[in-house]
Amino acid sequence: MRILLLSGPNLAMLGHRDPAVYGTRTLDDLVAIATEAARAHGAELVHVHHDGEGELVAAVHRVVTGATPADAVIINAGALTHYGLSLRDALELLDVPCIELHLSNTQAREPFRHASVIAGVCSGTIAGLGAHGYRLAIDAAVALAEERRG
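## Side note on the pattern of salt bridges
Considering all chains together, one arrives at five salt bridges under this definition. One salt bridge connects R149 with D71, and the closest N-O pair in it is separated by 3.2 Å. Of this pair, R149 sits in helix α6 (residues 132-149) while D71 sits in the loop between α3 (53-65) and β3 (72-76), and the two are 78 residues apart along the sequence. Look at R149 and you get exposed, because its relative accessible area is 54%. A relative accessible area of 23% means that D71 is categorised as partly exposed. Each of R88, D89 and E92 takes part in a single network of salt bridges with overlapping partners.

Analysis parameters
Residues numbered from 1 in each chain as written. Predicted model: local features only at pLDDT ≥ 70, side-chain atom pairs only at ≥ 80, totals over all residues. Heavy atoms only, no water. Salt bridge = Lys/Arg side-chain N within 4 Å of Asp/Glu carboxyl O. Helix = DSSP H or I, 4+ residues; strand = E, 2+ residues; numbered from the N terminus. Buried < 20%, exposed > 50% of the residue type's maximum accessible area, 1.4 Å probe, protein only.

Structure (structure tokens):
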């Protein structure tokens, strides 16, 4: 099983950016947590980070066309969650489970963060659990992918 983890804008600044909201772990720390969780399921994790929406759209397209095989996608789209319509349209093309992931509880933050344009095309959302969310997202992605396989 192969899981694609997509990381959006500003996530490379984790550990520096507002530790009270996002914690002190870096993106590399979170990817390591997800990689270990995937290994525990016998799965491979592939991580792709881009600050630009177009590059994330292209990464999703590679899954859709089979150029990057994946049984599930996990995406922390950062701010693109709230306005990334081309990313939403790309995610809608996926025929594999997709988990929306956030470190912070977006519903407990500024009102503009309450709306997600990608939630409606994802299998589910995990938010507000910090680094634990990465483990949970792997667990959910594996379970959904296994259900899909039958």
